[in-house]
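# A look at the structure
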Amino acid sequence: MADDMSVLTTQNLKSFYVLNIYGAKKVVKAVDKVDLEIRENEIYGIAGESGCGKTTLLKTLYGLIKPPLRLIDGKVFYVRDGQEIDIYSLSKEERRKLRWEYIAYIPQGAMSVFNPVIKLKETYRDFLDSHLTGKTKEEVFDMAREHINKLGLPVKILDAYPHQLSGGMRQRVAIALAALLKPRIIFADEPTTALDVVVQRGVIQLLKGIQEILGNTIVLVTHDMGVHANLTDRLGIMYAGKIIEEAITEEIFGNPLHPYTKYLINSLPKFGDTGSRESVPGNPPSLVSIPSGCSFHPRCPYAFAICTEQMPELFDAGNHHKVACWLIKEGKDAKDAIVS
Amino acid sequence: MQKMQLFLEIKNLTKEFFLGSIISRQKITAVDNVSFNIKPTEIFTLAGESGCGKTTVARMILGFEEPTSGAILYKGRRPKKGEKVWFTQGMQTIFQNPFETFNPLRKVDCYLFETVQNYKLARDNKEAQELIDRKLKSVGLSFEEVSGRYPSEFSGGQLQRISIARSLLTAPSLLIADEPVSMVDASIRMSIVNLFKNLEEELSMSVLYITHDLATAYYMSGQIAIMFRGNIMEMGPVEKVLMNPKHPYTKLLRESIPEVDPSKKWRGEIAFSNIEHEEYLREGCKFAGRCPRTMDICKREAPKAIYVDGVLVKCHLYCSD
């Protein structure tokens, strides 16, 4: 079972934005009690609506906590060479060393991260210089060329300026850059959003290729369920700062349990079927005032008494399929009670 | 049947842009001889990847851009200079990003009252408010929910609904929607798409839906035109074009959509364009550089439009001579 070794675990992770506006304290609970266990050699997806805390979760996992974001509680462990490292106990310098070599982060809108006035190969050199020492300029360029070639991108782009490439190409170059130092974990935040379908396919092809070459872990955040279906091995559904369902991707799509997940999947149009599709009723909750009990209950057609009072815990519904829903936990009896 | 009145006729529309300085001037034909018609009560989709000229077509229809050649006939004639109000009253538009449509420092209802005032739709404030409330109700909101609030207090889906309600104020017969759902979350995207469907059915409106999302296009539209580098490559009923694509480019687009089914993962790899304007400058068929079935003739001659099985196709594969 060497494949199932975990590489990233979190315990009761909480990170809130604490704002102080004219003496009035405002707390945005962006990540609230998240327990994750991400394994080696898998693509783990996180899905959810905008404003559900997906990006904040990634930032917290990466150790990018800056005010007003604060780590309230919990720990993030990376497993490196069989040893657990608590990233929030490391010094700044130690954390910096881990970045790019062990963990890499592709931020949202990565296509606009390049310096517009230097050629892309200079960006690659800047990048390599800060992590590898004692290499000549030519050696560094050769490394960059070899890397680009291996990922199936045209080598001539290294001599181009960022504005000469299309958005999709820049996005792919940014992703290739993140994989340059062979990190064990790559965090990708909405890598395909704002790209059109053909380019999107190229980006997904590249991410898949990188994962196959390096045999590492990718944590992919996007709201596009189609991308998740195509790329991820396991999927977590996030709602109002919490993971509410987690399972193998096939299981989530084949047998969604949480009413929210059901809506997410069933609302998407499919080819060859023009039957009417309903989207999730209501609006996503504000993270400043999360509803009591289960945060989905105001939008849930199956909500009953306990849902308004108590937040359900994530529990295993069999087959490693975890879900946080009273309806599932209380079993079929409760379901019958609501129907009648 | 042929006598059915065409609502909007686009005839041989062409737009050329020039790049570079006087010495190294390059001509880019962003829209190349595009013709299509929109009938009353239909949703017409214009689809293609970014940079294919679909937004330029919309901008020319709305009069933001002068066409280089060709004609746009609205209700059978060309609108004259002083007829802007008449023209825009019948044709309203919705833009891509609802967060940018509204000024964050202005209350949302200002926009609604302003439209009423500009088109002189009501005699007094009370009447205006009633009209606004009626239109907001048709998109699932109400005046009480909207009045006195700023854009930051609404979600993207709500703002897009308000934007649609605003365009409905003038009782237009055509809505031009430029990527109206691409900035809206997937979970509420369908509520906007369903709204368009209702508008078509209940108010017998036409919608020109510009998108790169073929799944929603399939779900709601009747006719579809696939654009590539300024040309319409394939055009016809959506059921035929998307379920049985003829042009290799339509096939590529169709295969690039991630299906919401993990058992249908993509296999194999596809070719990409690296530099957009190289394709624009290409002689012959613009798609020849990426097409899996390129022939010699494709590189020399631009294919003519022919009809195969009721679908317009521009591809040498279907030219018998």
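Summarised in this report is the structure supplied together with it. (Residues numbered from 1 in each chain as written. Chains lettered and ligands numbered in written order. Predicted model: local features only at pLDDT ≥ 70, side-chain atom pairs only at ≥ 80, totals over all residues. Heavy atoms only, no water.)

When the parts of a complex come together, some accessible area is lost, and that lost area is often taken as the interface size. Listed per partner, the contact involves 45 residues of chain A and 43 residues of chain B. Across the chain A to chain B interface the summed buried area is about 4000 Å²; carbon plus sulfur atoms make up 60%. For the chain A face of the interface with chain B, the top three residues by lost area are V198(A), R201(A) and F271(A), together amounting to 22%. The tally of links from chain A across to chain B stands at zero salt bridges. Here chain A and chain B share three residue pairs in polar contact (both at pLDDT 80 or more) between them. At the level of elements, α5 (167–178), α6 (197–214), α7 (225–231) and α8 (249–254) of chain A are the ones that each hand at least two residues to the side of chain A that touches chain B. (Contact = heavy atoms within 4.5 Å. Buried area = accessible area lost by both parts, 1.4 Å probe. Salt bridge = Lys/Arg side-chain N within 4 Å of Asp/Glu carboxyl O. Polar contact = N/O pair within 3.5 Å; in protein donor to acceptor, adjacent residues only side chain to side chain. Helix = DSSP H or I, 4+ residues; strand = E, 2+ residues; numbered from the N terminus.)

In this description, a pair of aromatic rings is defined by centroid distance and the angle of the planes. Counting across every chain of the model gives 18 aromatic pairs over all chains. With a centroid separation of 5.8 Å and 45° between ring planes, the pair formed by Y78(A) and Y102(A) is classed as tilted. Taken together, the residues span a long stretch of sequence, with Y78(A) in strand β5 (residues 69–80) and Y102(A) in the loop between α2 (92–98) and β7 (103–106) at a distance of 24 residues. In this structure an aromatic cluster arises from ring pairing among F7(B), Y74(B), W86(B) and F87(B). The ring of Y62(A) carries the charged tip of R99(A) above its face, separated from the ring centre by 4.8 Å. A cation over a ring is seen here: R149(B) above F154(B), with NZ or CZ 4.6 Å from the ring centre. (Phe/Tyr/Trp six-rings, centres within 6.5 Å; stacked < 30°, edge-to-face > 60°. Lys NZ or Arg CZ within 6 Å of the ring centre and 35° of its normal.)

Take the sheet that holds strand β3 (residues 43–47) of chain B next. Residue and element names in this part refer to chain B. Reading across from one edge, β5-β6-β7-β3-β8-β9-β11-β10 is the order of the eight strands in this open sheet, with mixed pairing throughout. At either end of the open sheet lies a strand with only one pairing partner, and these are β5 (91–94) and β10 (305–308). Looking at each pair of strands side by side, their axes are set apart by 20° on average, direction ignored. Bridging between strand β8 (residues 223–228) and strand β9 (residues 231–237) involves six bridges; their strand directions are antiparallel. Residue I226 lies in a different strand from β9, and its bridge partner there is E234. (Pairing = 2+ DSSP bridges. Axes fitted to C-alpha atoms, helices over the stretch in contact; angles between N-to-C directions.)

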